Amino acid sequence: MVEKVFANWIHTTLEVYVDDMLVKSKKVEDHVDHLREIFEQMRQFNIKINPEKCIFGVASGKFLGYIVSKEGIEVDPEKVQVVHDMPLPTTVKDIKYEILSSPKSQVIADFLAEFSLEEDASVEEIMDRRWEILVDGSSNGEGNGVGIVFISPAGPRMACSFRLEFASTNNETEYEAVVHALRLAIEMKLDNVRITSDSQLVILQIEGTYNTNEPSLQKYNKLFAQLSSQIPKIN
């Protein structure tokens, strides 16, 4: 619902994740107007907020585990330190244990459960070889959604799909499929992947063969670059 209510502002002056909202402005003098637009929309749909959790007029701040500022989006140093302090997993069993401790990663845990490998199999044997990732975005009168298929080097496949709760064009939906796939690959700690999409436009824009002129697609292209930089080998 939130995505539909604020569809005109999301990814431009507003970022939304479940019940967290961030109003952003490139210029200080525009910020009050941007806030006014969001508040007017909230009033129209009778959306309430908790004043104690609101912070206004800050140059930077934490949002969903990241530091957001005029310089861009950076990982929260505290989160990075936690990762550095974690012992490195060495077997499939270790990976399963770490993933199961995170509710958001249940889909990955289910995938690993399908492996025919022994529990003490080397992580490097699984993660270092190339994974194939097939993505597809679909837009129709009933809504928008993305489908993703992970194919492991050993053969097993994991298929997952997501329904987008906001309006998007066909090309934006195709980009959403790629972005979701990258985020899953990063969470799975994959080191070598190849992404295949049926959208030649998206692939050629990502490769730099085609220019990305639409502002919304430029943002997706930039997000792709940020995410793909976290995977050592990707094509």
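Residues numbered from 1 in each chain as written. Predicted model: local features only at pLDDT ≥ 70, side-chain atom pairs only at ≥ 80, totals over all residues. Heavy atoms only, no water.

### Some details on the overall build of the protein chain
Then step 1. Looking only at helices and strands, one finds nine helices and 10 strands in the protein chain.
Then step 2. Taking all 235 residues of the protein chain together, 35% fall into the buried category.
Then step 3. Pairs at least 24 apart in sequence give 54% of the contacts found in the protein chain among residues at least 6 apart.
Then step 4. For the protein chain, the exposed surface amounts to about 15100 Å²; the carbon and sulfur share of it is 53%. (Helix = DSSP H or I, 4+ residues; strand = E, 2+ residues; numbered from the N terminus. Buried < 20%, exposed > 50% of the residue type's maximum accessible area, 1.4 Å probe, protein only. Contact = heavy atoms within 4.5 Å. Areas by Shrake-Rupley, 256 points an atom, 1.4 Å probe, with all protein chains shown as cover.)

### Considering the sheet that holds strand β10 (residues 233-234)
Then step 1. Strand order in the open sheet formed by five strands is β8-β7-β6-β9-β10, and the pairing between neighbours is mixed. A single partner strand is all that each edge strand has here, and the edge strands are β8 (157-164) and β10.
Then step 2. In this sheet, strand β7 (residues 143-151) lies alongside strand β6 (residues 131-140) in antiparallel orientation, the contact comprising nine bridges. Within β7, the position partnered with G137 by the bridge is V146. (Pairing = 2+ DSSP bridges.)

### Here we look at the environment of I10
Then step 1. As for its placement among the helices and strands, I10 is situated in the loop between α1 (2-5) and β1 (14-17).
Then step 2. Taking the C-alpha atoms as reference points, I10 and V23, separated by 13 residues in sequence, lie 9.2 Å from one another.
Then step 3. If we skip the residues at most four places from it in the chain, I10 touches E3 and V16.

### Remarks on the packing of aromatic side chains
Where two aromatic rings form a pair, the distance of their centres and the angle of their planes describe that pair.
Then step 1. A full pass over the atoms with the stated rule returns two aromatic pairs.
Then step 2. On the numbers, 6.2 Å between centres and 50° between planes, the contact of F39 with F56 is tilted. Of the two residues, F39 sits in helix α2 (residues 28-44) while F56 sits in the loop between α2 and β3 (60-63), which places them 17 residues apart along the sequence.
Then step 3. Measuring from ring centre to ring centre gives 5.6 Å for Y175 and Y220, while their planes differ by 15°; the resulting arrangement is stacked. Residue Y175 is located in helix α7 (residues 170-187), and its partner Y220 is located in helix α9 (residues 215-228); the two are separated by 45 residues in the primary sequence.
Then step 4. Judged by its relative accessible area of 1%, Y175 is buried. (Phe/Tyr/Trp six-rings, centres within 6.5 Å; stacked < 30°, edge-to-face > 60°.)

### Remarks on the pairing of strand β9 (residues 192-197)
Then step 1. Two strands pair when backbone bridges link them, and β6 and β9 are joined in this way by five bridges, in the parallel orientation. Looking across to β9, one finds that E132 is bridged to R194.
Then step 2. Relative to β10, β9 runs parallel, the two sharing two bridges. If you follow V193 over to β10, its bridge partner there is I234.

### Observations regarding the environment of Y210
Then step 1. You can see Y210 is positioned in the loop between α8 (200-207) and α9.
Then step 2. Residues Y210 and Q200, 10 residues apart in the sequence, show an inter-C-alpha distance of 10.0 Å.

### Notes on the nonpolar core
Then step 1. Among the nonpolar cores identified, the biggest contains 28 residues, and I133, V135, I148, F150, V178, L182 and L190 are the most heavily contacted of them.
Then step 2. At the level of secondary structure, the elements contributing two or more residues to this core comprise β6, β7, β8, α7, β9 and α9.
Then step 3. Among the elements that line this core, the one with the most residues is α7, at eight residues.
Then step 4. Every residue in contact with L182, bar those within four places of it in the chain, is listed here: I195, F224, L227, S228, I231 and I234.
Then step 5. Counting residues in each nonpolar core, the second largest holds 10 residues, with V5, I10, L35 and I38 among its members. (Core = buried A, V, L, I, M, F, W, Y, C linked by side-chain atoms within 4.5 Å.)

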